[in-house]
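Survey of secondary and tertiary structure
Listed below, chain by chain, are the residues.
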Amino acid sequence: MKILICVKQVPDMESRFKPDNAGVWFSDTDLAFRMNEYDEYAVEQAVQLREQLGDAADLTVLSIGPDRIVEALKKALAMGCDRAVHIQDPAAALKDPWQIAAIIAAFAKDKGFDLIFTGLQSQDRGSAQVGVTVAERLGFACTTTLVGFAFADGVITAKRELEGGVKGVVKLRTPALVTCQLGLNVPRYPTLPNIMKSKKKELVTIPVADLLHEEALAVTARFYPPAKKGGGIVLEGDVGDMAEKLIAILKEKTNVLR
Amino acid sequence: MFLELTEEQKLIQETAREFARVELEPVAAQLDQEHDRGPLLANLKKLAELGFMGLNIREEFGGAEAGTIAFSLAMTEIARACASTAVTVSVNNMVCEVIQAVGTEEQKQAYIPRICSGEFAAGSFALTETGAGSDPSGMTTQAVADGDSYVLNGAKIFITSAPYAGVFVVWAVTDKEAPKGKGISCFLVEAGTKGLIIGKEEKKMGQHASATNEVLFDDCRIPKSALMGKLNDGFRTAVGELAGGRIGIGSLGLGIGLAAMDYATHYATERSQFGQRISNFQAIQWMIADGYTELEAARLLLLNAAFRKDSGRTFAKEASMAKLYATEAANRACYAALQMLGGYGYTQDFPVERYARDARITAIYEGTNEIQRVIISREILKNFG
Ligand SMILES: Cc1cc2nc3c(=O)[nH]c(=O)nc-3n(C[C@H](O)[C@H](O)[C@H](O)COP(=O)(O)OP(=O)(O)OC[C@H]3O[C@@H](n4cnc5c(N)ncnc54)[C@H](O)[C@@H]3O)c2cc1C
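So, here is what we can say about the structure in this document.

Attention now moves to the packing of aromatic side chains. Tallied over the entire structure, the rule returns 14 aromatic pairs over all chains. A centroid spacing of 6.4 Å and a plane angle of 80 degrees characterise the contact between B:Tyr263 and B:Phe350, whose relative ring orientation is edge-to-face. Of this pair, B:Tyr263 sits in helix 6 (residues 234-268) while B:Phe350 sits in the loop between helix 8 (316-340) and helix 9 (352-360); the two residues are 87 residues apart in sequence, bridging distant segments of the chain. The rings of A:Phe17, A:Trp25, A:Phe26 and A:Phe223 are connected pair by pair, giving a single aromatic cluster. Here the basic side chain of A:Lys2 rests over the ring of A:Phe113, its NZ or CZ set 5.0 Å away from the ring centre. A cation over an aromatic ring shows up here: A:Arg68 above the ring of A:Phe33, its NZ or CZ 3.6 Å from the ring centre.

Taken together, the 18 residues of chain A in the interface contact 21 residues of chain B. Ranking the residues of chain A by area buried against chain B places A:Glu71, A:Tyr189 and A:Leu192 at the top, with a combined share of 42%. Its salt-bridge partner being A:Lys75, residue B:Glu14 comes within 2.6 Å of it at the nearest N-O pair. Taken together, the elements giving at least two residues each to the side of chain A that touches chain B come down to strand 3 (33-35), helix 2 (70-79) and helix 5 (192-197) of chain A. Among the elements that take part in the side of chain A that touches chain B, helix 5 of chain A stands out by supplying 5 residues, more than any other.

Turning to the site of the ligand, a few remarks are in order. Residues and elements named next belong to chain B. Lining the immediate environment of the ligand, one finds 17 residues, of which Thr128, Ser134, Phe158, Thr368 and Glu370 sit closest. At a separation of 2.6 Å, a nitrogen atom of the ligand approaches a polar side-chain atom of Thr128. Note that a nitrogen atom of the ligand is positioned 2.8 Å from one of the side-chain N or O atoms of Thr160. Protein burial of the ligand: of its 970 Å² of free accessible surface, 63% is covered by the chains. At the level of secondary structure, the elements contributing two or more residues to the shell around the ligand comprise strand 3 (149-160) and helix 10 (369-381).

Rules used throughout
Residues numbered from 1 in each chain as written. Chains lettered and ligands numbered in written order. Predicted model: local features only at pLDDT ≥ 70, side-chain atom pairs only at ≥ 80, totals over all residues. Heavy atoms only, no water. Phe/Tyr/Trp six-rings, centres within 6.5 Å; stacked < 30°, edge-to-face > 60°. Helix = DSSP H or I, 4+ residues; strand = E, 2+ residues; numbered from the N terminus. Lys NZ or Arg CZ within 6 Å of the ring centre and 35° of its normal. Contact = heavy atoms within 4.5 Å. Buried area = accessible area lost by both parts, 1.4 Å probe. Salt bridge = Lys/Arg side-chain N within 4 Å of Asp/Glu carboxyl O. Near = heavy atom within 4 Å. Polar contact = N/O pair within 3.5 Å; in protein donor to acceptor, adjacent residues only side chain to side chain. Areas by Shrake-Rupley, 256 points an atom, 1.4 Å probe, with all protein chains shown as cover.

Structure representation (structure tokens):
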């Protein structure tokens, strides 16, 4: 079974974001990067499937971006993927979901993948479009927002998270693509020996120009941080007064005190 | 000059940081106050399974072969969350490294994989005695050859991890007549050996979860094959291995110092007095500036010492410099952090008093900072006059 896992490297979400010089995305100078959280669920699920299927499974991890994203690929290799594909693109952050999906689909076409795992969305762009668009372009069955996954006799049973905590179960045959949500699994920490061994696994680099022949459909025009909010309500006066005021506010605006 | 970490080093740092945040940080205060070792031992096991006990150990013995820079990064991240866990990991790595450096093939196979895998929660490094602290060559514990065994008699003190160590690296006098330091040998003693007695545990100022015990040898008989390295050459081994350990202790200090500064700086941006955040006061700003500047210098000293060790150069002087500076910077950072929290810093409701207590010992163990200065100046003076 040939499995593809698509991962993205995103900034640590604790970072302070500043617009880049063109004002269309954030500046990546001085940011710390890590693997997109949802993609970690994707990698973990693929590795668990590999543990179920043994050597019958072959895991390729793919990422698009500048050279620094090799770190995310190596993490996936250290977690248990077999080989990595780096689609080299210093300007990946400026591409829209349509183009990113087109690149992945162009790579995956004719490679005989049975199953593709992606994250539900990226933590920085958050479009949630890439996975489904890849499935559409490849003609794969697709389901999203996975919180449960099982595979038996060629059939995937996917538990999906719907609004308000309601769950749904979907069955689909391969070839298929699924997008992974928080709660699907607890991603393993890569062990140190496996991190070191990731150096020895296959890592193929492909220039993005070899795969991309699509124009952007939705170009990001502007990136800006929200206006600074006021500092909330500041109570003043002596402690007794402030306590009175606080109780009044809590009664009026919340359910904490009745 | 290239000051970028490799991808592998970054991933190891990230793994250590995540593990520390998720698994160590939430239990650190409890470990400090309740002296309950359960969570410590459970976390040591998990850290071993991830490969943190043999960062600089060859793969064939279950190590990660990740090098000293990775070791330094990992120690710092672990210590940010829990210094007691960090010192145990540091000593375990040092014990594995001594065995890898001077052990026979059988000794390496017998013990290193068991520490690396977590089968042994720890290994102990038993050098110090009541009469031989800064001057370990003054030790009196003896090993006397008797047929195909050695018989150990004597007492060690301040031995980290002794109650849960699976194996002890023990130094003892094998030639009483030899000049100072020339008659000491190194042995491997398994926990449970008859005559190996774990004595009283010290009640310490900090690093509470890490046990520090007396270890006694009462006609403790070990096979001749327990000798590690050459007969009467053990002191040189101890001195050499402690230099590597110092990179670990300096990195540990750095982690505690960073934790303290991060906590206090965050606090300063929230605490108001005189109608404004205290971070608006220059007095506080200078504590922040000095604290982080010194810790950054410490980080670079540590990475330089680690880099020299990994590239096969001499590194004893640099390791001593890094240990000296990092642990003193860490202590200053902890006290500044405590000051920034005012009275709250002095209470156990906030972690800073624990950081200050935990950091204090880093200026003392694995060679007091006075001894580091002795080593550094000796190395420098060699080149003059
Ligand atoms: C929590 C803890 C854990 C430890 N873990 C271990 C362990 O696992 N294994 C182990 O073998 N040991 C361990 N030790 C022992 C530790 O390494 C020693 O305590 C340390 O080396 C200092 O020795 P001492 O305590 O005898 O102090 P002393 O040597 O008595 O020193 C007293 C003071 O005199 C100063 N001094 C001594 N000689 C000189 C000199 N020549 N010049 C200037 N000043 C000098 C010292 O710097 C110090 O300020 C541990 C200690 C503690 C407290």
